[in-house]
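Take a look at the letters that make up each chain.
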Amino acid sequence: MQIYIDQTADFVRQRLSDAEAGHDWWHILRVWNNVKTLLRYEKADRTTCELAALLHDIADSKFHGGDETLGPTIAGEFLSSIDVPEDCVEHVKNIILHMSYKASLGVVTFRSKELEIVQDADRLDAIGAIGIARAFHYGGFKNRTLYDPAIAPNINQDKETYKNSTAPTINHFYEKLLLLKEKMNTDTAKQIAEGRHRFMEQYLEQFYREWEGN
C-alpha cells in the first residue's frame, strides 16, 4: 500500500541524512528507482519490494560493528509500528538479512522473487559510473590506497575474508564489482548490467594507461 511506502521513505530519508555518501538516502532512492524499473518487466509483490529497497541499508553492518541483525531488526520494528502486515514485515526482514554481496558468500538459506529483484536493484547501483564513484568514495572514507600493483586482488574470498578486507580500491573491482554482471538474478537486470559492466572495463583500461603515464 502506498501509505506504507510513503511513511517508510520519510523515515529512511531522515534516518540516513548524515550517512556515508555511498550508502545514504540518494543510494536508497536509486535502488528504489531500480526496483520500479525491474518491476515493469518482472512479476513480484510491489509493496514488499519497495519497502525492502527503502530499508535495505537502514543499518548497514559495516557501519555498525559488523552486526548483520541490526538492520532487519530496525526495519521490522518500524514496519510493525506503522501496522504493515506481519507476513510482509518478516519477508522484508529476510530480504535485508540475505541480500548483501557478503551474504551470498556464505550459506544462502532464503530465496524469493522479491529478494532477487531488490538484490539486483542494489547490485546495479554498485556497478557502472555510479558504482565507480561509490567505490572510490568508500575507499576514501576508509583511507584506503587507490591502487598498489604489489597487492593482487583476492578473487575467491569467503565471507569473513571479504568483510575484513582493507585492500586498495582498484582490487574491489575484481573482488566484487566485475563479478556482479554474472550474479544478476533477473533477465532485466542482466540486460542493464551489460552496459554498466563494459563501462567499468573501459574505465580500468584508462586508469592503467594513466597510471603508467600514458
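Residues numbered from 1 in each chain as written. Predicted model: local features only at pLDDT ≥ 70, side-chain atom pairs only at ≥ 80, totals over all residues. Heavy atoms only, no water.

Participant: Residue-level account of the overall build of the protein, with values.
Facilitator: Across its full length, the protein carries eleven helices and zero strands. Ordering the α and β elements of the protein from the N terminus gives α-α-α-α-α-α-α-α-α-α-α. The principal-axis extent of the C-alpha atoms belonging to the protein is close to 60 × 35 × 30 Å. Counting all 214 residues of the protein, 48% fall into the buried class. Considering only residue pairs separated by 6 or more positions, the protein has 67% of its internal contacts joining residues 24 or more positions apart. Carbon and sulfur atoms make up 49% of the accessible area of the protein, which totals about 10700 Å². (Helix = DSSP H or I, 4+ residues; strand = E, 2+ residues; numbered from the N terminus. Buried < 20%, exposed > 50% of the residue type's maximum accessible area, 1.4 Å probe, protein only. Contact = heavy atoms within 4.5 Å. Areas by Shrake-Rupley, 256 points an atom, 1.4 Å probe, with all protein chains shown as cover.)

Participant: Give a description of the packing of aromatic side chains that names residues and reports values.
Facilitator: This structure, assessed with the given rule, holds 15 aromatic pairs. Their ring planes at 65° and their centres at 6.4 Å tell us that Trp 25 and Trp 32 sit as a pair that is edge-to-face. Each member of the pair, Trp 25 together with Trp 32, is buried. Ring pairing ties together the aromatic residues Phe 136, Tyr 147, Phe 173, Tyr 203, Phe 207, Tyr 208 and Trp 211, which thus form one cluster. Note that Lys 36 overlies the ring of Trp 32, its terminal NZ or CZ placed 4.0 Å from the centroid. The aromatic ring of Tyr 138 is capped on one face by Lys 62, whose charged end is 5.9 Å from the ring centroid. (Phe/Tyr/Trp six-rings, centres within 6.5 Å; stacked < 30°, edge-to-face > 60°. Lys NZ or Arg CZ within 6 Å of the ring centre and 35° of its normal.)

Participant: Describe the packing of helix α8 (residues 128-141) against helix α11 (residues 187-211), naming the residues involved and giving the relevant values.
Facilitator: Running from N to C, α8 and α11 cross one another at 55°; their axes reach a closest spacing of 8 Å. Classed by the angle they form, the pair α8 and α11 counts as oblique. Every residue of α11 that contacts α8 at Gly 128, Ala 129, Ile 132 and Phe 136 is listed here: Arg 196, Phe 199, Met 200 and Tyr 203. Here the contact of α8 with α11 is composed, by residue class, of six nonpolar, one polar and one charged. (Axes fitted to C-alpha atoms, helices over the stretch in contact; angles between N-to-C directions. Parallel < 35°, antiparallel > 145°, perpendicular 65-115°, else oblique. Nonpolar A, V, L, I, M, F, W, Y, C, P; charged D, E, K, R; others polar.)

Participant: Run through the pattern of salt bridges, naming residues and quoting values.
Facilitator: Applying the stated criterion across every chain yields a total of 14 salt bridges. Three or more residues are tied together by salt bridges with common partners; here these are Glu 42, Arg 111, Lys 113 and Glu 116. (Salt bridge = Lys/Arg side-chain N within 4 Å of Asp/Glu carboxyl O.)

Participant: An account of the side chain of Thr 48 is requested, with residue identities and associated values reported.
Facilitator: Secondary-structure assignment places Thr 48 in helix α3 (residues 46-55). Thr 48 sits in the buried class, given a relative accessible area of 5%. If we ignore the near neighbours within four places in the chain, the residues touching Thr 48 are Cys 88, His 91, Val 92, Ile 95 and Glu 114.

Participant: I'd like to hear about unusual backbone geometry, residue by residue, with values.
Facilitator: Unlike most non-glycine residues, Asp 83 shows phi in positive territory, near 70°. Mapped onto the elements, Asp 83 comes out in the loop between α4 (70-81) and α5 (86-98).

Participant: Just give me the short version of the environment of Gln 14, but keep the residues and values in it.
Facilitator: Looking at where Gln 14 falls in the secondary structure, it is placed in helix α1 (residues 2-15). Between the C-alpha atom of Gln 14 and that of Leu 39, which follows or precedes it by 25 residues, the distance is 26 Å.

Participant: Report on the side chain of His 56, specifying residues and quantitative values.
Facilitator: Summarising the element assignment, His 56 is placed in the loop between α3 and α4. Given a relative accessible area of 7%, His 56 falls into the buried group. Of note is the side chain of His 56, whose polar atom sits 3.2 Å from the side chain of Asp 122. Discounting chain neighbours no more than four positions away, the residues touching His 56 are His 27, Ile 28, Val 31, Ile 96, Met 99 and Asp 122. (Polar contact = N/O pair within 3.5 Å; in protein donor to acceptor, adjacent residues only side chain to side chain.)

Participant: Provide a residue-level description of the packing of helix α2 (residues 25-38) against α11, including the pertinent values.
Facilitator: At a closest axis distance of 10 Å, the pairing of α2 and α11 adopts a crossing angle of 125°. By the angle between their directions, the pair α2 and α11 is classed as oblique. As for how α2 packs across α11, the hand of that crossing is right-handed. Between α2 and α11, the residues in contact are Asn 34, Thr 37 and Leu 38 and Thr 188, Ala 189, Ile 192 and Arg 196, respectively. The class makeup of the residues in the contact of α2 with α11 is three nonpolar, three polar and one charged. (Left-handed = near helix turned anticlockwise from the far one by under 90°.)

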